[in-house]
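Given next are the chains, with one letter for each unit.
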Amino acid sequence: MSEFVAITPTAFEADSPHGPLYGQVWQGDADKLPILMLHDSLGAVSLWREFPQKLANATGRTVVAYDRAGFGRSVQRTQPMAASFIADEAYEGIVPVMQALGLERVILLGHSVGGGMALAAAAALPEHVAGVVTMAAQTFVEEHTLQGIRDAKIAFAQDGQIERLARYHDMRARWVLDAWIETWMAPDYADWSLEAVLSQIKVPVLALHGQNDEFGSEQHPQMIVDLSGGAARMLMLEGIGHMPHREATARVLAEIGAFIDAIG
């Protein structure tokens, strides 16, 4: 892995069906496929912290991250999330961001629900996605996941927790939290799964997953490997929870770099 070099990101705005999306670009080699990052259920560009810079350093590639509609510095939302929100992100977020930056083809990297979005987008946008990396992705509604969300709901009810979330989402914080908890816990979401779309993915996939992930078991990366229509590899990280990119940064960067180099 290359020495860490601070890269000053460039901010951009993209027009989405919900309104303007905020994002940042860490510029790398323009001749290499860029990496487009998709954050988790409570995430934002700012919550990736130094990881995009380190990823750009390690791979030499341009790295793009954006706040989904309703999150971070992007347009505020008030309506509940649609049950189809994971599949919808391909056209409501990824395509607008690519169009705003003039990108034709990208490698998608998604954390948690962002991993599910990356997989769904690879199936929906085969001409624009060259490969997928997932970290702690969910592929179906598992009791293990729901219990993690129940525990988080209790934790966020404590004094000061919404205020902490507001550091990253400002007045959007309550919507962000409710969008996560209420969507996943809704009875009509219980049957959600990526099973039907995984076979449509023809590009390489790397599924990274912590053995101690509090929001999903080994069944999720296993489903990706078993059902993906392209070459797929899973890597279980011993002693790691739901944040592999924070808990095992060097290992994650090395694995992503080797995977991406094989794509081209």
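Everything that follows concerns the structure shown earlier in this document.
Keep in mind that this is a model prediction, so the values were computed, not measured.

*Asks:* I'd like a description of the sheet that holds strand β6 (residues 129–135), backed by residues and values.
*Replies:* In spatial order, the strands read β1-β2-β4-β3-β5-β6-β7-β8; together these 8 strands make up an open sheet with mixed pairing. This sheet does not close on itself; its edge strands, each paired only once, are β1 (10–16) and β8 (232–237). With strand direction ignored, the average angle separating the axes of adjacent strands in the sheet is 20°. For strand β3 (residues 35–38) and strand β5 (residues 106–111), the ladder comprises 4 bridges, and the chain directions are parallel. In the sheet register, I35 faces β5, and the bridge partner there is I107. Sheet contacts for helix α2 (residues 85–101): β1, β2 (19–26), β3, β4 (63–66) and β5; angle to β1, the most-contacted strand, approximately 130°. Across the sheet, helix α3 (residues 113–124) lies against β3, β5, β6 and β7 (205–210), angled at about 150° from β5, the strand it touches most.

*Asks:* Quick rundown of the packing of aromatic side chains? Include the residues and the values.
*Replies:* The geometry of an aromatic ring pair comes down to the distance between the two centres and the angle between the two planes. Counting across every chain of the model gives 7 aromatic pairs. Here the aromatic rings of W184 and W192 are separated by 5.6 Å at their centres, their planes lie at 75°, and the arrangement is edge-to-face. Each member of the pair, W184 together with W192, is buried. When the centroid spacing of 5.8 Å and the interplanar angle of 5° are considered together, the rings of Y189 and W192 count as stacked. The two residues Y189 and W192 agree in class, both being buried. Ring-pair connections join several aromatic residues into one group, and the members of that group are F85, W184, Y189 and W192. One Lys or Arg, R68, reaches over the ring of F71 and ends 4.6 Å from the middle of that ring.

*Asks:* Can you explain the nonpolar core? Please cite residues and give values.
*Replies:* Among the nonpolar cores identified, the biggest contains 62 residues, and L36, I86, I94, W180 and W184 are the most heavily contacted of them. If near-sequence neighbours (up to four positions away) are discounted, W184 is found in contact with S41, F85, I86, V113, Q138, F140, V141, T145, L146, I149, Y189 and W192. Within the second largest apolar cluster, 28 residues are counted, among which are W26, V133, A248 and I260.

*Asks:* Give a detailed account of the pairing of β2, specifying residues and quantitative values.
*Replies:* The element β2 is extensively covered by neighbouring structure, given that 7 of its 8 residues are classed as buried. What sits between β1 and β2 in their antiparallel hairpin is a turn of 2 residues. Bridging between β2 and β4 involves 4 bridges; their strand directions are antiparallel. Looking at the pairing, Q24 lines up with A65 of β4.

Criteria and thresholds
Residues numbered from 1 in each chain as written. Predicted model: local features only at pLDDT ≥ 70, side-chain atom pairs only at ≥ 80, totals over all residues. Heavy atoms only, no water. Pairing = 2+ DSSP bridges. Helix = DSSP H or I, 4+ residues; strand = E, 2+ residues; numbered from the N terminus. Axes fitted to C-alpha atoms, helices over the stretch in contact; angles between N-to-C directions. Contact = heavy atoms within 4.5 Å. Phe/Tyr/Trp six-rings, centres within 6.5 Å; stacked < 30°, edge-to-face > 60°. Buried < 20%, exposed > 50% of the residue type's maximum accessible area, 1.4 Å probe, protein only. Lys NZ or Arg CZ within 6 Å of the ring centre and 35° of its normal. Core = buried A, V, L, I, M, F, W, Y, C linked by side-chain atoms within 4.5 Å.

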